[in-house]
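The lines below spell out each chain.
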Amino acid sequence: MRGFIINIRKAKNEDVIVTVLSSDSVKNYWRFFGARHSILQVGNLIDFEEKESKKSFMPNIRSISHISFPWIFAYNHLLMWQNFIKLFEVHLKDAIELDAFYFELLLSVAKKWGKQNPKRLAIEAYMKLLDHEGRLYDNGFCYICETILEEKVGLMRAFLPTHPHCIYGQSFQKKDIFKLYNTKSTIHLNDKLIDKLYLILTKGF
Ligand SMILES: [Zn+2]
């Protein structure tokens, strides 16, 4: 099987519990002496085998190999990737079965992570995720007061648009934000704006 490690928790002694997002599930695995295993790092894409355990309440993970990306040696990229992937862990905490969208999305982003601005990639991926989950709030009304939006909008967590005064927040050009909703592309946005949007994204999915 193949999947991204989205969380690692210490269990007893040097054993760890590894949470893996694969194409059809988010699952916890027990790994004996996992603390000694350098491949076990949040964000890593791994090939592995799952082995049901008679003794333990969760399956074991074994025969792990790491599928690396060139950017993994760039500290800043790695750190941003780990922070990005941790958002999936929180978001999919209660999911058991999963459609392939999430794994495919992460895989396509990981392939580009070293070549393009990671913040842009993260924002674009998040737009696709919101769209996939039917959470893109692009009907032209303020999420708070439910009246029509004007030229400038504020943005809440999950990129929910509001009147700037309804959340006492920063304001953005509505046309820029709605173009982002529609195209899932950040090409029309400058880096300063990307920084602001990325900050909203890091508040959580
Ligand atoms: Zn409002």
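For the structure, see preceding data.
Because the structure is a prediction, the values reported are computed rather than measured.

As a further point, take the packing of aromatic side chains. Under the definition given, this model contains 18 aromatic pairs. Their ring planes at 55° and their centres at 6.1 Å tell us that Trp81 and Phe84 sit as a pair that is tilted. Taken together, the positions of Trp81 and Phe84, both in helix H1 (residues 75-91) and 3 residues apart, correspond to about one turn of that helix. The pair Trp81 / Phe84 is uniform in exposure class, with both members buried. An angle of 85° between the planes, with centres 5.3 Å apart, marks the rings of Phe84 and Phe88 as edge-to-face. Remark: Phe88 and Phe84 occur in helix H1; sequence separation between them is 4 residues, near one turn of the helix. Of the residues examined, Phe88 reaches a relative accessible area of 1% and is grouped as buried. Here Lys174 stacks its cationic end above the ring of Phe178, 5.6 Å away from the centre of that ring.

Calculation criteria
Residues numbered from 1 in each chain as written. Predicted model: local features only at pLDDT ≥ 70, side-chain atom pairs only at ≥ 80, totals over all residues. Heavy atoms only, no water. Phe/Tyr/Trp six-rings, centres within 6.5 Å; stacked < 30°, edge-to-face > 60°. Helix = DSSP H or I, 4+ residues; strand = E, 2+ residues; numbered from the N terminus. Buried < 20%, exposed > 50% of the residue type's maximum accessible area, 1.4 Å probe, protein only. Lys NZ or Arg CZ within 6 Å of the ring centre and 35° of its normal.

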